[in-house]
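So you can see what is in the structure, the chains are spelled out below.
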Amino acid sequence: AEDEVALFEKDMKEFWIQLKISYGTEQNNQTSALRDLCKETIEALSEKWSKKLKEEDLMIDKIQEYNNEILQQSKYVAEKEEQLTEIKSKLNQEEEQQQNLTDIIQELKEELMKKMEIKSSKSKAAKEKVEQVSKITTLFKEHLGLEMRRIHDEQLQFIFRHIDHKDPDKPYMCTLSINERGDYEVTSCTPPLDCIAELQLKLRETNNFSAFVANIRKAFTALSYK
């Protein structure tokens, strides 16, 4: 801007110098020519500065255009950075959820293995109890008139005979099973005995199967005399 002002002052000085020269040497004869020269000089200067102003306006518009473009680019970059941050957050959440799911699956596997071990242990215990009962079947049958049968759902049915002296072949029956907890449980008793719950509890406490069968027979015998 300072250079342009200096240039303008220089042009004006040259103009005044030309004007003075023309006025001093040809004051009377060239008045008309001087006016024309002045007019031409002023028009030339106006055109020159008008052109410069237009160029400056164009430059200002261009700068403003660049500024707007930079602003748009900055806004675009900010939006992309926000989207990238959101995507990273979602990825972190998905990784955390995946890790939580993996932990849950592992816990379920461990729990399932424990349940399978417990089930296997109970199944083994039940099998051992059934085998224990089967071993003494012959002994009971020979000495107590007892017949044992394995029926559905791994239940054992005891059929007592030689109890009713009036009808030795009359059957007295009691069915025994092993529940989910691995305990003995009487599922049926014919005819019913009032003391069956007490005998069942004693069997669970002592695990003395022979005594349980003997007590059932005694209870059936006592009932036959009523």
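Our subject is the structure that appears above.
Residues numbered from 1 in each chain as written. Predicted model: local features only at pLDDT ≥ 70, side-chain atom pairs only at ≥ 80, totals over all residues. Heavy atoms only, no water.

A. Focus on the overall build of the chain. Counting secondary structure elements, the chain contains five helices and four strands. Counting over 226 residues, the chain shows a buried share of 21%. Across the chain, contacts joining residues at least 24 apart in sequence account for 38% of those joining residues at least 6 apart. When the accessible area of the chain is evaluated, it comes to approximately 17,700 Å², of which 53% is carbon and sulfur surface. (Helix = DSSP H or I, 4+ residues; strand = E, 2+ residues; numbered from the N terminus. Buried < 20%, exposed > 50% of the residue type's maximum accessible area, 1.4 Å probe, protein only. Contact = heavy atoms within 4.5 Å. Areas by Shrake-Rupley, 256 points an atom, 1.4 Å probe, with all protein chains shown as cover.)

B. Expanded view of the pattern of salt bridges. If you walk through the whole model with that rule in mind, you get four salt bridges. When the shortest N-O distance is used, the salt bridge between glutamate 111 and lysine 115 registers 3.5 Å. A residue pair is termed a helical-turn pair when its members lie 3 or 4 positions apart in one helix, as glutamate 111 and lysine 115 do in helix 2 (residues 31–135) at four residues. (Salt bridge = Lys/Arg side-chain N within 4 Å of Asp/Glu carboxyl O.)

C. The arrangement of helix 4 (residues 196–206) in detail. Among the residues making up helix 4, those that are buried are Ile196, Leu199, Gln200 and Leu203. The buried residues of helix 4 all sit within an arc of 100° when viewed along its axis, so they share a single face. Exposed residues lying more than 90 degrees from the buried face of helix 4 are Ala197, Glu198 and Glu205. Where helix 4 is buried, its residues contact strand 3 (172–178), strand 4 (184–190) and helix 5 (209–224). (Arc of directions from axis to C-beta.)

D. Just the pairing of strand 1 (residues 146–151), in detail. As paired strands, strand 1 and strand 2 (residues 155–160) are joined by six bridges and run antiparallel to one another. Bridging from a neighbouring strand, leucine 146 pairs with phenylalanine 160 of strand 2. (Pairing = 2+ DSSP bridges.)

E. How the structure looks around the sheet that holds strand 2. What the four strands build is an open sheet, ordered 1-2-3-4; its pairing is antiparallel. In the strand order of this sheet, the two ends are held by strand 1 and strand 4, each with one partner. Ignoring which end each strand starts from, the neighbouring axes of this sheet average 20° apart. Here helix 4 sits on the sheet in contact with strand 3 and strand 4, set at roughly 150° to strand 4. (Axes fitted to C-alpha atoms, helices over the stretch in contact; angles between N-to-C directions.)

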